[in-house]
Amino acid sequence: MKIGVFVCHCGTNIEGTVDTAAVAAASREFPGVVFATDTMYACSEPGQDGIIEAIKEHKLDGVVVASCTPRMHEPTFRRTLERAGLNRYLFEMANIREHVSWIGKDREANTNKSADLVRMAAAKLLKNRPLFSKQFPVNKSVMVVGGGVAGIQAALDCANGGLKVVLVEKDTTIGGKMAKLDKTFPTVDCSSCVLGPLMVDVAQHPNINLHAYSEIEEVNGYVGNFEIKVKKKASYVDWDACTGCGLCVEKCPSRKATDFFNEKLATTKAINIPFPQAIPKKAKIDPDFCMKIQKDKCGVCAKVCPSEAIDFTQKDEFITENVGAVVAATGFDLFDWTVYGQYGGGKYPDVITSLQYERMLSASGPSEGHIKRPSDGKEPKNVVFIQCVGSRDKSVGRPYCSGFCCMYTAKQTILTKDHIPDSQSHVFYMDIRSPGKLYDEFTRRAMEEYGANYIRGRVSMIYPKGDNLVVRGADTLMGAQVEIDADLVVLAVGAEASVGATDLAKKLRISYDAYGFFMEGHPKLKPVETNTAGVYLAGACQGPKDIPASVAQGSAAASKVLGLFSQDMLASDPQVSVVDIKRCIGCGKCIQTCPFGAIKEIDFRGMKKADVIETICQGCGICTSTCPQGAVQLQHFTDNQILAEVNAICRF
Amino acid sequence: MPILEGKELRIVGFLCNWCSYGGADTAGVGRFKQPTDLRVIKVPCSGRIDPLFIVKTLLAGADGVLVSGCHPRDCHYTEGNFYARRRLEMLKRFLPIMGIDAKRFEYTWVSASEGQRWQEVVTKFTEQIHELGAAPKIVGAEAEETLKLMEAAL
Ligand SMILES: Cc1cc2nc3c(=O)[nH]c(=O)nc-3n(C[C@H](O)[C@H](O)[C@H](O)COP(=O)(O)OP(=O)(O)OC[C@H]3O[C@@H](n4cnc5c(N)ncnc54)[C@H](O)[C@@H]3O)c2cc1C
Ligand code: SF4
Ligand code: SF4
């Protein structure tokens, strides 16, 4: 093999602490290397053209680029090789930026280490073989998991682009948190007026198949051809028959069921439709509160239902959907604030969450838009808002900023004034973060036009005094302690990953961060992709996000899916394992260890052998390190290739 | 060009592509200063690491070997790091029998977002190896013997 080495300056990023010309000079001595040079920006157009010219001029059949991380530009340079007529796998990268020039300033050591990394790359390259992708057909339909505003947007964009969409929502209705909000910042327009029409579009779109009250059970397959098992949870109502008339709800005598939609501010009937605009508008029985299911009494709903939809014996049902891509849009949940003993830890009924307050403000909420405090139903005059409850607080393991609480708190003070003109809002805050378009103007309006009293500081405790609460905190700008009499306290509770997010991530084989938020492919360049081909992200499941950002991501994810599906065939990754049938002794160890069931037993002239199913193999190489014979080898990461790197640095 | 005599020791890292290699990148992006001894070999998954690689690396003259993968339950390939943990734990127990100081080998978990943790891991491990000093060379027949023993054991 004739190897060419290109050592990149990356402007001054590398050249600043690495003598790239010296690295190139050293590289010329390495086995196989016939050409080496330094280059200003290897990834730029002139940089790539330089590589192509050198390949032609020096008849190179292998290339090493020493530059940034392969996670950044490996695909770029592989394409460069292809343009020069070389196989894309006759290429290696030496990461001399993230792993060298950026982590220390010792020019001598860095130059020396960079040369070593090139030596390793060249040694591995000598063992590389051309690999070829296979083409396989794509199933041009997509599953969107989660029907909040982000998932709705993604589903509608994909459906409008002509794709078949399967939307899976774990609740009985789509809409997510936005459906619970009264009005939205920074325009203070009504949430359901914005969201409602989109939800109706989902229901009516010929390309969208909605599975509400359903969850992902199992995911198999790979980009282009996923096979996903969906659990349709038992609602005890035949939804094909149910018309959503609500007669059953009206007549049901069991009134104490937990009202999740209203954030437990009220109770609801055992058979319930969460809100009038629900999509789908179907009834569901909560078995814990149904007298028929619990005690075999009652059965009123079955008697009154005009469509005979009630089915007390209904069971969970499993269906399989085949799709080519998945968009995860499972949103967020609220931090459990009761860990804060200083806020009463849940003891005081008049300390509520921001989302409960939204339900209170909402005309379709349990108090029909009247602000009534839970303890005695009185209208509060003094409302205290506490921000950053479970945000930016290391002591409860939530060091991050939830992003939207500053804004919705300002909104809630404005709405409080609108609802109760003689009220006064007080806001305890740490910093006001309102960097969006028209956002800072909005928080200023809350203070200046609506007279909200903003106090910079943390609350140290809340304690009861008579019927009211006293909120004691620091005013760090005045350097004083303040105590405020409150009729109602609203906690701006932080966002955390939605319940079950990590389980779903494991099924989809995507990564998540320390808090359970899904990890994007690259923080800047791949904000809606994941590291699993064919799986995309939208909305707050990736990190706290307000509605505009969630919608933007929903559309971005949809455009990625549409882009993927603009091809009829996809190319498989040839970095898969292959079995050397002569070496294989048919012990079956690889079959047992492969996490993907990608290896099957075959009969070869009467002998048991292993065989890798190329389209299922994910290229982890677990089988390779399991096989006692070295018979199954992960291509591009074979034993010989890895040991060549070892020997290049240890034995020279 | 060998390691910088007197300054560096020979330390080899095996990092999984999805978590730890990304973590090392994140450390770089964050400009978290690290010692220069370590040379990284990228593998798709910590489950790809055959314990024999580590033995061979140590026999070939490395003074220390560091393995890092995704946190348990966080593997890109769902369970690769469990296999890794089992195998590497075994290896750690066998090294002294082979006459290799077990402190010359560590395995750990670093996620793609943990740049700072990566910096700490590398710095600590490098210090540990410098405390031990250069590894005594096991060569010739002795090395062959050790390798055979290991191959049988692992
Ligand atoms: C009190 C409060 C007030 C707010 N006010 C505003 C405002 O005024 N303006 C604004 O821009 N933003 C506001 N926000 C933020 C807004 O709620 C979010 O931006 C938005 O809800 C994010 O949408 P999403 O679709 O990503 O997530 P979500 O709304 O959380 O939707 C996620 C959906 O996925 C479903 N789901 C979850 N897990 C699964 C699973 N495993 N399988 C299937 N389905 C699943 C959920 O049931 C839900 O329907 C507010 C937030 C709060 C808490
Ligand atoms: S059977 Fe259950 S759901 Fe139906 S009316 Fe009676 S209590 Fe309500
Ligand atoms: S590399 Fe081996 S263990 Fe991993 S998925 Fe492929 S066949 Fe299975």
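Sequence order as written defines the numbering, with residues in each chain counted from 1. Starting at A for chains and at 1 for ligands, labels are handed out in the order in which the entities are written. Reporting in this predicted model follows two pLDDT cut-offs: at least 70 for local features of residues, and 80 or more for side-chain atom pairs to be given and counted; totals over whole chains, interfaces and linings ignore these cut-offs and use all residues. By convention in this description, side-chain values take in all heavy atoms of the structure and omit both hydrogens and water.

## Topic: the overall build of chain B
Of regular secondary structure, chain B possesses 5 helices and 4 strands. Strands here are runs of E lasting at least two residues and helices are runs of H or I lasting at least four, both read from the DSSP assignment and numbered beginning at the N terminus. Ordering the α and β elements of chain B from the N terminus gives β-α-β-α-β-α-β-α-α. On C-alpha atoms alone, chain B measures out to a radius of gyration of 15 Å, which is about the 15 Å that the 2.2 N^0.38 rule sets for 154 residues. Viewed in the frame of its principal axes, chain B has a C-alpha envelope of about 45 × 40 × 25 Å. A simple rule labels every residue: compare its accessible area, found with a 1.4 Å probe on the protein chains alone, to the largest value its type can have, and call it buried under 20%, exposed over 50%, or partly exposed in between. The buried share of chain B, reckoned over its 154 residues, is 62%. Just so you have it, chain B exposes about 6,100 Å², and 55% of that area is on carbon and sulfur atoms. Here the globule rule is a power law, 2.2 Å times the number of residues to the power 0.38, and the radius of gyration is based on C-alpha atoms. Using the Shrake-Rupley algorithm and a 1.4 Å probe, accessible areas are obtained, with residue cover drawn only from the displayed protein chains.

## Some details on the interface of chain A and chain B
For this analysis, residues touch if any pair of their heavy atoms sits within 4.5 Å. Chain A puts 55 residues into the contact, and the matching count from chain B is 53 residues. For any pair of parts, buried area is found by adding up, for both, the accessible area (1.4 Å probe) each one loses once the two are put together. Summing both partners gives a buried area of about 4,500 Å² for chain A against chain B, and 59% of it is carried by carbon and sulfur. Considering only the side of chain A, the residues that lose the most area to chain B are Arg71(A), Ile103(A) and Asn112(A), jointly responsible for 14% of the buried surface there. The term salt bridge refers to a pairing of a side-chain nitrogen on Lys or Arg with a carboxyl oxygen on Asp or Glu at a separation within 4 Å. The closest approach of N and O atoms between Glu108(A) and Lys7(B), which form a salt bridge, is 3.4 Å. Distance and chemistry together define a polar contact, namely a pair of N or O atoms within 3.5 Å, with one atom able to donate a hydrogen and the other to accept it when in protein, and with adjacent residues in sequence counting only for side-chain atoms on both sides. The tally of links between chain A and chain B comes to 18 residue pairs in polar contact (both at pLDDT 80 or more). Broken down by secondary-structure element, the contributors of at least two residues to the side of chain A that touches chain B are α3 (70-83), α4 (97-101), α5 (107-125), α16 (589-593), α17 (622-626), β34 (632-634) and α18 (639-650) of chain A. Looking at the side of chain A that touches chain B, the element that brings in the most residues is α5(A), giving 10 residues. In this classification, the charged set is Asp, Glu, Lys and Arg, the nonpolar set is Ala, Val, Leu, Ile, Met, Phe, Trp, Tyr, Cys and Pro, and all remaining amino acids, among them Gly, are polar. Classifying every residue of the side of chain A that touches chain B gives 22 nonpolar, 20 polar and 13 charged.

## Regarding helix α3 (residues 80-94) of chain B
All names here are of chain B. One fewer than the residue count of a helix, multiplied by 1.5 Å, yields its expected span. When the terminal C-alpha atoms of α3 are compared, their 21 Å separation across 15 residues agrees well with the 21 Å that a helix rising 1.5 Å per residue should span. All of the buried residues along α3 are Gly80, Asn81, Tyr83, Ala84, Arg87, Leu88 and Leu91. Buried residues along α3 cover an arc of 145° about the axis, so they all sit on one side. More than 90 degrees from the buried face of α3, the exposed residues found are Arg86 and Arg93. Directions pointing from the helix axis toward each C-beta atom define the arc.

## With respect to the site of ligand 3
When we say a residue is near a molecule or strand, we mean one of its heavy atoms is within 4 Å of it. Contacts to ligand 3 come from Ser577(A), Cys594(A), Pro595(A), Phe596(A), Ala598(A), Ile599(A), Cys617(A), Gln618(A), Gly619(A), Cys620(A), Gly621(A) and Cys623(A). Split by residue class, the shell around ligand 3 holds 8 nonpolar, 4 polar and no charged.

## Brief notes about the state of the cysteines
Any two cysteine sulfur atoms lying within 2.5 Å of each other are counted as a disulfide. Scanning all chains against the criterion turns up 2 disulfides over all chains. A sulfur-sulfur separation of 2.1 Å characterises the disulfide bridge that pairs Cys190(A) with Cys193(A). On the sign convention where negative is left-handed, the bridge of Cys190(A) and Cys193(A), at about 95° about the S-S bond, is right-handed. Assessed through its relative accessible area of 21%, Cys190(A) is described here as partly exposed. Between Cys19(B) and Cys70(B) runs a disulfide, and the two sulfur atoms are separated by 2.2 Å. Around the S-S axis, the bridge from Cys19(B) to Cys70(B) shows a dihedral of about 100° and counts as right-handed.

## Here we look at the site of ligand 2
All names here are of chain A. Neighbouring ligand 2 are 13 residues, the closest being Cys252, Cys290, Met291, Cys298 and Cys301. At the level of secondary structure, the elements contributing two or more residues to the shell around ligand 2 comprise α9 (291-295) and α10 (300-304). Taken together, the residues that form the shell around ligand 2 break down as 10 nonpolar, 2 polar and 1 charged.

## Description of the packing of helix α6 (residues 149-160) of chain A against helix α7 (residues 191-204) of chain A
Residue and element names in this part refer to chain A. Closest axis-to-axis distance for the α6/α7 pair is 10 Å, and the angle between their directions is 50°. On the basis of their axis angle, the class for α6 and α7 is oblique. By crossing handedness, the relation of α6 to α7 is classed as left-handed. Across the interface between the two elements, Val149, Ile152, Gln153 and Leu156 of α6 pack against Leu195, Leu198, Met199, Asp201 and Val202 of α7. Residue composition of the contact of α6 with α7, grouped by class: 7 nonpolar, 1 polar and 1 charged. Lines fitted to C-alpha atoms define the axes, with helix axes restricted to the stretch in contact, and inter-axis angles between N-to-C directions lie between 0 and 180 degrees. Roughly parallel means an angle under 35 degrees; roughly antiparallel, over 145; roughly perpendicular, 65 to 115; everything else is oblique. Whether a crossing is left-handed or right-handed is set by the direction in which the near helix is turned from the far one by less than a right angle, anticlockwise for left-handed and clockwise for right-handed.

## Quick notes on the domain arrangement of chain A
Segmentation into domains, and thus their bounds, comes from an automatic or database assignment. By the assigned domains, chain A splits into domain 1 (3-127), domain 2 (141-233 + 316-331 + 509-564), domain 3 (247-304), domain 4 (333-496) and domain 5 (577-635). On a C-alpha basis, the centroid separation for the pair domain 1 of chain A and domain 2 of chain A is 40 Å.

## A closer look at the packing of helix α2 (residues 51-59) of chain B against α3(B)
All names here are of chain B. Following both chains from N to C, one finds α2 and α3 inclined at 40°, their axes separated by 9 Å at the closest point. Mapping the contact onto sequence places Pro51, Ile54 and Val55 in α2 and Arg87, Leu88 and Leu91 in α3. Of the residues that constitute the contact of α2 with α3, the class distribution is 5 nonpolar, no polar and 1 charged.

## Topic: the sheet that holds strand β26 (residues 480-486) of chain A
Residue and element names in this part refer to chain A. Strand order in the open sheet formed by 3 strands is β24-β25-β26, with antiparallel pairing between adjacent strands. Of all strands in the sheet, those with a lone pairing partner are β24 (459-465) and β26, marking the two edges. Each strand of the sheet is rotated relative to its neighbour by a mean of 20°, with strand direction disregarded. The criterion for strand pairing is that DSSP finds at least two bridges linking the strands in question. Two elements, β24 and strand β25 (residues 468-475), share 6 bridges in a ladder whose sense is antiparallel. In the strand pairing of β25, lysine 465 is matched with asparagine 468.

## Examining the nonpolar core
One recurring pattern in soluble globular proteins: nonpolar side chains tend to sit buried together. Here, nonpolar core means buried Ala, Val, Leu, Ile, Met, Phe, Trp, Tyr and Cys residues that are tied together by side-chain atoms lying within 4.5 Å of each other. Core analysis: the largest hydrophobic core is formed by 80 residues, its most contacted members being Val65(A), Phe14(B), Ile54(B) and Phe105(B). When residues no more than four places from it in sequence are discounted, the contact partners of Phe14(B) are Ile642(A), Val646(A), Ile41(B), Ile49(B), Phe53(B), Ile54(B), Thr57(B), Val65(B), Leu66(B), Val67(B) and Ser68(B). By size, the runner-up hydrophobic cluster in this structure holds 62 residues, among which are Leu181(A), Met199(A), Val223(A) and Val327(A).

## Notes on a negative patch on the surface
Residues enter patches when their relative accessible area tops 30% and they take part in no salt bridge; the joining distance is 9 Å for like charges and 5 Å for the nonpolar side chains Val, Leu, Ile, Met, Phe, Trp and Tyr. Only four residue types enter the charge count: Lys and Arg as positive, Asp and Glu as negative, with His and the chain ends excluded. Charge coordinates come from a single atom per side chain, which is NZ of Lys, CZ of Arg, CG of Asp or CD of Glu. On the surface, Glu45(A), Asp49(A), Glu53(A) and Glu57(A) cluster together into a patch of negative charge. With respect to the helices and strands, Glu57(A) occurs in helix α2 (residues 45-57).

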